[in-house]
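# Overview (structure and organization)
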Amino acid sequence: MCYLFPMKIAVAQIAPKLGDVEANVGLHLDILEKARKQRAGLVVFPELSLTGYTLKDLAEEVALDPAADPRFRRLVARTKGLSAVVGFVEESPSDPGLLYNAAAFIADGRIVHIHRKVFLPTAGIFEEAKFFAQGRDFRAFDAPCGRTGLLVCRDFLQFGSSYVHYAAGAGVIICVSAAPGRGVGDGDTFETARMWELMGEAVSFFATAYVVYANRAGSEDGVTFAGGSFVYAPGGRLVARAAAVDPDLLCCALDPAAVARARKAWLFKRDEKPEAVWRSLERIVRASED
Amino acid sequence: MPPKINPAFVEKVLVRFIRDEFARCGCGRGLLGLSGGLDSAVCAALAARALGPDAVLGLIMPYGRAFPGDVRDAVALARRLDIRAETIDIAPQVDLYFASRPEADRGRRGNKMARERMAILYDHSAREAGLVLGTSNKTELLLGYGTIYGDMACAINPMGDLYKTQVRELAAHLGIPAAIRRKAPTAGLWPGQTDEGDIGLAYEEIDDILCRLVEGRGSRREIIEAGHASAAVDLVLRRVRSSQFKRALPPIAKLSTRSVGHDFLYPYDRER
């Protein structure tokens, strides 16, 4: 029996204003209202949606404590009757001086979960580990859309991250992203867009889970974000895909019962042996420490 | 060779880039030097699409009557794109300077001309409250085939990640006239000068070597094994290595615990 109801979700492929939290809160509130009018039950914003991505030393100026910051609290208060995922720079009183690239799952006026990005890309055009502290945990949580796992951008490309959420029973894996477009060939979008969809398709198939990928639009310092947000249903079925590069509001249905159906049709979850994976990983980690 | 591009998609990305950058500065007007050549024609067409033709000013800055054909092509292009254009002859100010420096070779004279054009562009940038659009392509930037603080000076550069051969593809898509697309590329520093004559290789060969080196991360040996003459590969490698200073800001001697250019790091696009 599945006790969760189908809902409409909205992926907000926005172009936040770099370094301007106040303006971005306004943008979020506008989109929440728009999504509410379309009867969306979940609105997913991209990575660092409240701040913009290419922050560098601005990170410390835009960092906030989600429990206390009045702008964040205003946003949380406006989620009555729906859920939202927002990206921000977190600096909590429990961890003073440490800045995290974080995403919060907010539901019905309450912060349900905060995920701190674990894999901080730092090579080539990426320099996150220069400015952010590393998250250390993947923890699935219960949400109105069912058991959910949250990932931030590069987390999703390290495929162990999705596995942990899957092992914890997540039927919805949400990845918020600020993925720059790289590589132009003869296609209609950047070549790197394929990489995200490939992972989305594979994870949704083998984890028999929804994959919601919210990327951003716009450009910063000459880098154009590729857009192309998407939703895959369990079993690798593409439900919807947003425009490349341009801002978009992608609305589609999410039916938690589809997870149960897929897990009856494909028995990967039933036959999964996390204890075998755990024992093997433990041995590998121990060996690498010797 | 560099990959074939989908010019419609590249146009969309570059138009968005120009719009975003101008919007951030609260600036609606753009200007650029129009040489009558391919790169400035493509940049003008992108700017006209991004900002609207009325908001774009093309400055045609010939040295006397050295290149009448190029001036004609530049004027015709501005008319075709419906952008504003002004022609300013730089010969008087250049000649005045070199009148007392007769020993200056054509390299010095060429660089001086490029910097005079830059100074005129930036003066007009203040007059127009507009931003200067750069027209250097990736091939030029990698080879260092440009005058530092001359034609390389700009507020934003929409074309710096397109190889010359890709600029040609984009030009055809944007409807740049064949007269401009087919002429031999030249920096226009002295009569008879051509890029390919200067550098000593055809753009197709240069771009193939550069793309194997940059995107392909190939070694000298691998690029030669792919079929290029070792002299050609060495020439390109030498130019790339020796021109690094043109692609970076000058180093600042570090003294304090937090210094400009080292660890005082803010995005260019910080909200202004």
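This text goes with the structure placed above it.
Figured I'd write up the structure that's included with this text. (Residues numbered from 1 in each chain as written. Chains lettered and ligands numbered in written order. Predicted model: local features only at pLDDT ≥ 70, side-chain atom pairs only at ≥ 80, totals over all residues. Heavy atoms only, no water.)

### Comments concerning the side chain of Asp57(A)
Mapping Asp57(A) onto the fold places it in the loop between strand S2 (40-44) and helix H2 (59-62). Owing to a relative accessible area of 10%, Asp57(A) belongs among the buried residues under this scheme. Sequence-distant contacts of Asp57(A), defined by excluding residues within four places in its chain, comprise Phe131(A), Arg258(B), Asp263(B), Phe264(B), Leu265(B) and Tyr266(B). (Helix = DSSP H or I, 4+ residues; strand = E, 2+ residues; numbered from the N terminus. Buried < 20%, exposed > 50% of the residue type's maximum accessible area, 1.4 Å probe, protein only. Contact = heavy atoms within 4.5 Å.)

### Some words on the nonpolar core
Looking at soluble globular proteins, one finds that nonpolar side chains tend to be buried together. Leu42(A), Val85(A), Phe105(A), Ile174(A) and Val212(A) are the most contacted members of the largest nonpolar core, which has 48 residues in total. Dropping the residues within four chain positions of it, Ile174(A) is found in contact with Leu42(A), Val44(A), Val85(A), Phe105(A), Thr148(A), Gly149(A), Leu150(A), Leu151(A) and Val212(A). (Core = buried A, V, L, I, M, F, W, Y, C linked by side-chain atoms within 4.5 Å.)

### As for helix H3 (residues 68-81) of chain B
Since there are 3.6 residues in each turn of an α-helix, residues three or four apart along the chain are aligned in direction. Residue and element names in this part refer to chain B. Under the 1.5 Å per step criterion, the end-to-end length of H3 is 20 Å for 14 residues, consistent within 8% with the ideal 20 Å. The complete set of buried residues in H3 reads Asp70, Ala74, Leu77, Ala78 and Leu81. All buried residues of H3 lie within an arc of 100 degrees about the axis, which places them on one face of the element. Of the exposed residues in H3, those oriented more than 90 degrees away from the buried face are Arg72, Arg79 and Arg80. Contacts from the buried residues of H3 go to helix H2 (38-51), strand S2 (56-60), strand S3 (84-87) and helix H8 (178-181). (Expected span 1.5 Å × (residues − 1). Arc of directions from axis to C-beta.)

### Looking at the sheet that holds S2(B)
Residue and element names in this part refer to chain B. Across the sheet, which stays open at both edges, the four strands sit in the order S3-S2-S1-S4 with parallel pairing between neighbours. Looking at which strands have only one partner, the edges of the open sheet turn out to be S3 and strand S4 (131-132). Alignment of strand S1 (residues 30-33) against S2, held across four bridges, turns out to be parallel. Residue Gly33 lies in a different strand from S2, and its bridge partner there is Leu59. Helix H5 (residues 106-128) rests against S1, S2, S3 and S4 of the sheet, and its axis sits at about 150 degrees to S2. (Pairing = 2+ DSSP bridges. Axes fitted to C-alpha atoms, helices over the stretch in contact; angles between N-to-C directions.)

### What about the pairing of strand S10 (residues 172-176) of chain A?
All names here are of chain A. Of all five residues in S10, five are buried, a share of seventy percent or more. Residues Val172, Ile174 and Val176 of S10 are buried on one face, and the alternating residues Ile173 and Cys175, pointing to the opposite face, are buried as well. Inspection of the sheet shows strand S9 (residues 146-152) paired to S10 by five bridges, in the parallel sense. The partner of Thr148 across the bridge, within S10, is Val172. Relative to strand S11 (residues 210-214), S10 runs parallel, the two sharing five bridges.

### A look at the interface of chain A and chain B
The interface is formed by 28 residues belonging to chain A together with 23 residues belonging to chain B. Taken together, the connections running from chain A to chain B amount to four salt bridges. As a salt-bridge pair, Asp57(A) and Arg258(B) come within 2.6 Å of each other at their nearest N and O atoms. Scanning the region where chain A abuts chain B turns up 15 residue pairs in polar contact (both at pLDDT 80 or more). In terms of residue class, the side of chain A that touches chain B is made up of nine nonpolar, eight polar and 11 charged. (Salt bridge = Lys/Arg side-chain N within 4 Å of Asp/Glu carboxyl O. Polar contact = N/O pair within 3.5 Å; in protein donor to acceptor, adjacent residues only side chain to side chain. Nonpolar A, V, L, I, M, F, W, Y, C, P; charged D, E, K, R; others polar.)

### Here we look at empty space enclosed by the protein
Residue and element names in this part refer to chain A. According to the stated counting rule, one finds one cavity of 30 Å³ or more in the structure shown. Empty space within the largest cavity amounts to approximately 40 Å³. Taken together, Ala193, Trp196, Glu197, Tyr213, Asn215, Gly227, Gly228 and Phe230 make up the full set of residues lining the largest cavity. Ranked by the residues each element gives to the lining of the largest cavity, the list is headed by helix H7 (residues 193-206), at three residues. Of the residues that constitute the lining of the largest cavity, the class distribution is four nonpolar, three polar and one charged. (1 Å grid on protein atoms, 1.4 Å probe; cavity = no way out; pocket = protein on both sides within 12 Å on 5 of 7 lines; lining within 4 Å. Points joined across faces, edges and corners; volume = space filled by probe spheres on them.)

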